[in-house]
Amino acid sequence: MSHTETAQIVAESFFSKDESALKKHTTSDGYASLITVQNMLPESDKEIKVEILDEAIDGKTAWVKYSSNYDNKPGIFKLVKENDQWKVTSKGPMEKGPF
């Protein structure tokens, strides 16, 4: 699965609160970060719409910028290769991506 497909699945599972899909496509750090934020989201019955806006790969790290109908501004996922699969991970506090 490509880094953009993984990002799409993670965004959709994040907003739909599908924890098993979220866990499958994230690192342990990424999962912990996303669950913390997810627990602060209000319940919603909105249909989830996620669009990939931009992407960049640098070796075994990828960045994907996406928009959703849940957020007013785009989100950015950092992905790393773990066991030959792209997984969303958390970015460091001072770490800046390409966008």
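Residues numbered from 1 in each chain as written. Predicted model: local features only at pLDDT ≥ 70, side-chain atom pairs only at ≥ 80, totals over all residues. Heavy atoms only, no water.

*Asks:* Can you help me understand the overall build of the protein chain in this one?
*Replies:* A count of helical and extended segments in the protein chain gives three helices and four strands. Taken from the N to the C terminus, the helices and strands of the protein chain come in the order α-α-α-β-β-β-β. On C-alpha atoms alone, the protein chain measures out to a radius of gyration of 13 Å, which is about the 13 Å that the 2.2 N^0.38 rule sets for 99 residues. If you line up the protein chain on its principal axes, its C-alpha atoms span 40 × 30 × 25 Å. Looking at the protein chain as a whole, 33% of its 99 residues are labelled buried. For the protein chain, contacts bridging at least 24 residues in sequence account for 48% of all contacts bridging at least 6. Total accessible area computed for the protein chain in this model is approximately 6,300 Å², and 47% of it derives from carbon and sulfur atoms. (Helix = DSSP H or I, 4+ residues; strand = E, 2+ residues; numbered from the N terminus. Rg over C-alpha atoms; globule rule 2.2 N^0.38 Å. Buried < 20%, exposed > 50% of the residue type's maximum accessible area, 1.4 Å probe, protein only. Contact = heavy atoms within 4.5 Å. Areas by Shrake-Rupley, 256 points an atom, 1.4 Å probe, with all protein chains shown as cover.)

*Asks:* Explain the layout of surface pockets to me, please; I cannot follow it from the model alone.
*Replies:* In this approach, a probe sized like a water molecule rolls over the atoms, and the result shows the empty space that is left. By volume, the largest pocket is sized at about 440 Å³. Lining the largest pocket are 19 residues; nearest its centre among them are Leu34, Val37, Tyr66, Ile76 and Phe77. Breaking the lining of the largest pocket down by element, the ones donating at least two residues are helix H1 (3-16), helix H3 (28-38), strand E3 (75-82) and strand E4 (85-89). Considered class by class, the residues forming the lining of the largest pocket number 10 nonpolar, five polar and four charged. (1 Å grid on protein atoms, 1.4 Å probe; cavity = no way out; pocket = protein on both sides within 12 Å on 5 of 7 lines; lining within 4 Å. Points joined across faces, edges and corners; volume = space filled by probe spheres on them. Nonpolar A, V, L, I, M, F, W, Y, C, P; charged D, E, K, R; others polar.)

*Asks:* Quick question: what am I supposed to make of the pattern of salt bridges here?
*Replies:* A pair can form between side chains of opposite charge whenever their charged atoms are brought close. Scanning the entire structure with this criterion turns up three salt bridges. Lys17 is the partner of Glu43 in a salt bridge, and the nearest nitrogen-oxygen pair spans 3.3 Å. Of the two residues, Glu43 sits in the loop between H3 and strand E1 (50-58) while Lys17 sits in the loop between H1 and helix H2 (19-24), which places them 26 residues apart along the sequence. Look at Glu43 and you get exposed, because its relative accessible area is 68%. Across the pair Lys87 and Glu82 runs a salt bridge whose closest N-O atoms are separated by 3.6 Å. Judged by its relative accessible area of 12%, Lys87 falls in the buried class. (Salt bridge = Lys/Arg side-chain N within 4 Å of Asp/Glu carboxyl O.)

*Asks:* Please clarify how H3 should be interpreted in this entry.
*Replies:* One full turn of an α-helix is made of 3.6 residues, so residues set three or four places apart face in the same direction. Among all positions in H3, only Gly30, Tyr31, Leu34, Ile35 and Gln38 are buried. Within H3, the buried residues cover an arc of 125° as seen down the axis, which keeps them to one side. Structural note: H3 exposes Ser28 and Asp29 on the side pointing more than 90 degrees away from its buried face. (Arc of directions from axis to C-beta.)

*Asks:* It is not clear to me how the packing of H1 against H3 should be interpreted in this structure. Could you clarify?
*Replies:* One can describe the packing of H1 onto H3 by two numbers: an axis separation of 10 Å at closest approach and a directional angle of 35°. Here H1 and H3 pass one another in a crossing that is right-handed. Residues Val10, Ser13 and Phe14 of H1 form the contact with H3, whose participating residues are Leu34, Val37 and Gln38. Looking at the contact of H1 with H3 residue by residue, the classes come out as four nonpolar, two polar and no charged. (Axes fitted to C-alpha atoms, helices over the stretch in contact; angles between N-to-C directions. Left-handed = near helix turned anticlockwise from the far one by under 90°.)

Function-wise, these values are silent; they only describe arrangement.
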